[in-house]
Amino acid sequence: MDVASTLLGSIIVSICIFPFVAVQVGSKKKKKHVLNTLTQIAQNRQCQISTVEQCGDYAIGLDEVNQMAFFVKKNDEVALENEVDLKHVVECYAHTQSKTIRSGQDKKEIITQVELSFKHKTHEKKLADFILYSENFNAQLGNEYPMAQKWAKILNNHLS
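Residues numbered from 1 in each chain as written. Predicted model: local features only at pLDDT ≥ 70, side-chain atom pairs only at ≥ 80, totals over all residues. Heavy atoms only, no water.

A.B. asks: Would you mind going over a nonpolar patch on the surface with me for this structure?
C.D. replies: On the surface, Leu7, Ile11 and Ile15 cluster together into a nonpolar patch covering about 300 Å² of accessible area. If you trace the backbone, leucine 7 turns up in helix H1 (residues 2–44). Under the relative-accessibility criterion, leucine 7 is labelled exposed at 53%. (Patch = residues over 30% accessible without salt bridge, like charges linked within 9 Å, V, L, I, M, F, W, Y side chains within 5 Å. Areas by Shrake-Rupley, 256 points an atom, 1.4 Å probe, with all protein chains shown as cover. Salt bridge = Lys/Arg side-chain N within 4 Å of Asp/Glu carboxyl O. Helix = DSSP H or I, 4+ residues; strand = E, 2+ residues; numbered from the N terminus. Buried < 20%, exposed > 50% of the residue type's maximum accessible area, 1.4 Å probe, protein only.)

A.B. asks: Any chance you could explain unusual backbone geometry here in plain terms?
C.D. replies: Note: most residues except glycine have negative phi, and most peptide bonds are trans. Even without glycine at this site, glutamine 46 takes up a positive phi of about 55°. By secondary structure assignment, the location of glutamine 46 is in the loop between H1 and strand S1 (51–55). A positive phi angle, close to 50°, is found at glutamine 67, a residue other than glycine. Here glutamine 67 shows up in the loop between strand S2 (58–63) and strand S3 (68–74).

A.B. asks: Would you mind going over the sheet that holds strand S6 (residues 106–120) with me for this structure?
C.D. replies: Within a sheet, neighbouring strands are paired by backbone hydrogen bonds and run either parallel or antiparallel to one another. Here we have 3 strands laid out as an open sheet, ordered S5-S6-S7, and antiparallel in their pairing. What marks the edges here is a single partner per strand, and that holds for strand S5 (89–103) and strand S7 (130–134). Within the sheet, the average angular offset between the axes of one strand and its neighbour, ignoring direction, is 15°. Where S5 lies against S6, 14 bridges are found, and the strand directions are antiparallel. Its bridge partner lying in S6, threonine 100 is registered against glutamate 109. Packed on one face of the sheet, helix H2 (residues 144–156) meets S5, S6 and S7 and runs near 165° to S5. (Pairing = 2+ DSSP bridges. Axes fitted to C-alpha atoms, helices over the stretch in contact; angles between N-to-C directions. Contact = heavy atoms within 4.5 Å.)

A.B. asks: Help me out: how do you make sense of H2 in this one?
C.D. replies: Since the α-helix advances by 3.6 residues per turn, residues separated by three or four positions end up pointing in the same direction. When the terminal C-alpha atoms of H2 are compared, their 18 Å separation across 13 residues agrees well with the 18 Å that a helix rising 1.5 Å per residue should span. Every buried residue of H2 is accounted for by Glu144, Met147, Ala148, Trp151, Ala152 and Leu155. On an axial view of H2, the arc spanned by its buried residues comes to 140°, and they lie on one face. Contact partners of the buried residues in H2: S1, S2, S3, S5, S6 and S7. (Expected span 1.5 Å × (residues − 1). Arc of directions from axis to C-beta.)

A.B. asks: Would you take a moment to explain the sheet that holds S2 for this structure?
C.D. replies: The strand order S1-S2-S3-S4 describes an open sheet built from 4 strands, whose pairing is antiparallel. The outermost strands of the open sheet, each flanked by one partner alone, are S1 and strand S4 (79–85). Strand-to-strand twist of the sheet, defined as the mean angle between neighbouring strand axes without regard to direction, takes the value 10°. Two strands pair when backbone bridges link them, and S3 and S4 are joined in this way by 7 bridges, in the antiparallel orientation. Bridging from a neighbouring strand, valine 72 pairs with glutamate 81 of S4. Each of S1, S2 and S3 touches H2; the most contacted strand, S2, lies at about 5° to it.

Rendered as structure tokens:
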């Protein structure tokens, strides 16, 4: 009887734990895929990522030697891949877009997009923004804005 109870208890615990393990394994595979994609984009441009940071479904990388910044965002709804040649950039900054929602007397400002934006030296060319968060393909805003601010400082330190 004790062996049967132990076996039954072990099976029930395994069934309860399995979904958490499966989610964790899937999350690690997605992160690895995002980093591999970022590395591949850099290699296609004969660059080597020297600084990289990943958060959730996106990664930002920097090749300090060639002054190139790379960005990849992949989730179920969107796949974004961008690169910016920092030799043509005057400034990098964190930028948000927002909308105002009114509810009776109250007004709330809701962030709809967080991006890392780049100013071109000649202002003639629009450079690709790195869209870290958009309400169109992210469920909830996390730490994207602090990440954008952090990377704006990092990239600004590498501008010529």
